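If you want the building blocks of each chain, they are given just below.
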Amino acid sequence: MVQRITTRISDRKQLTKDSFVFTLDIPSLDFQAGQFLTFILKDEEGKPKPRSYSLFNAPSRLPIQLLVECIPGGLAGEQFRRSTPQTEFSVMGPLGKFIFQKEKRKHIFIATNTGIAPIHSMIAEHLDKGFEMTLIFGARLKEGLYFHEEFSALDKGDETFVYKPTLSREEKEGIAKGYVQKLIDFDKEAQYYICGSDAMVKDTVSVLQGKDIPKEHIHYEVF
Ligand SMILES: Cc1cc2nc3c(=O)[nH]c(=O)nc-3n(C[C@H](O)[C@H](O)[C@H](O)COP(=O)(O)OP(=O)(O)OC[C@H]3O[C@@H](n4cnc5c(N)ncnc54)[C@H](O)[C@@H]3O)c2cc1C
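A. Highlighting the domain arrangement of the protein. Split into domains, the protein comes out as domain 1 (3-95) and domain 2 (106-222). Each of domain 1 and domain 2 has a C-alpha centre, and the two are 24 Å apart. If you look at the interface, domain 1 gives 17 residues, while domain 2 gives 12 residues.

Right under this line is the structure:
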């Protein structure tokens, strides 16, 4: 059920200059991996400005966390950066239908940048439960491949979890060069989950449709 919650950022871990994992002071929340919270922020004139953030943690594992790129000059980005442990935020959620299809066996995740947040929640919740998972994760630079070491360690060389990182603007040993679409295996039995910018999602959906992947197997969230 959608709740209205007043919360605070109780902890923050900085990953890059602009990216953070924020821990929220929410004692419990009934949600499905892939869902998001909407923050009811206000602009300078006091007008409500909603901003949504995917839940990053697995539903079965507290605390409640978000992975946020605080865009310099962005309304939410600046409010999050300036917040103290006392700053109160009004939040609604959980919301969204970008969720894991538990009844299916094979799952292919395609994410760029913070688009990894809802997918991280799905993987953390459902790994090692008899599913076959592939993660294709793209960023411009290596620092944008959040949790690269953790995802690499999960890939034990079998179909339980296959990790395929790629960088579009940097060469790094052991990491592919180029866009995520180049690394997709096309399998009509698989479920595809895509999360990232509008352009990335549109391109990926069009590539999948061009390979006759059934429409109902393609799930996406645009950030
Ligand atoms: C369902 C959903 C889930 C989301 N989950 C996450 C999440 O888990 N983590 C996360 O960091 N973001 C997430 N977003 C994006 C987030 O809601 C905001 O749009 C983003 O944080 C920018 O907000 P802002 O108020 O700081 O910037 P704004 O004040 O809205 O914009 C400032 C500038 O940044 C540009 N901009 C806006 N959004 C983006 C973007 N996503 N990437 C790059 N430039 C942008 C604008 O064009 C503008 O120039 C999600 C969005 C949706 C719809």
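B. Fine view of the pairing of strand E10 (residues 161-167). Bridge count between strand E9 (residues 132-139) and E10: seven bridges; the pairing is parallel. Its bridge partner being in E10, Ala-139 is matched across the sheet by Leu-167. For the handedness criterion, the β-α-β arrangement of E9, helix H3 (residues 148-154) and E10 is classed as right-handed. Note that E10 and strand E11 (residues 176-177) share two bridges and pair parallel. Across the sheet, residue Thr-166 finds its bridge partner in E11, namely Ala-176.

How each quantity is defined
- Residues numbered from 1 in each chain as written.
- Predicted model: local features only at pLDDT ≥ 70, side-chain atom pairs only at ≥ 80, totals over all residues.
- Domains from an automatic or database assignment.
- Contact = placed C-beta atoms within 7 Å.
- Pairing = 2+ DSSP bridges.
- Helix = DSSP H or I, 4+ residues; strand = E, 2+ residues; numbered from the N terminus.
- Right-handed = clockwise from strand over helix to strand, strands pointing away.

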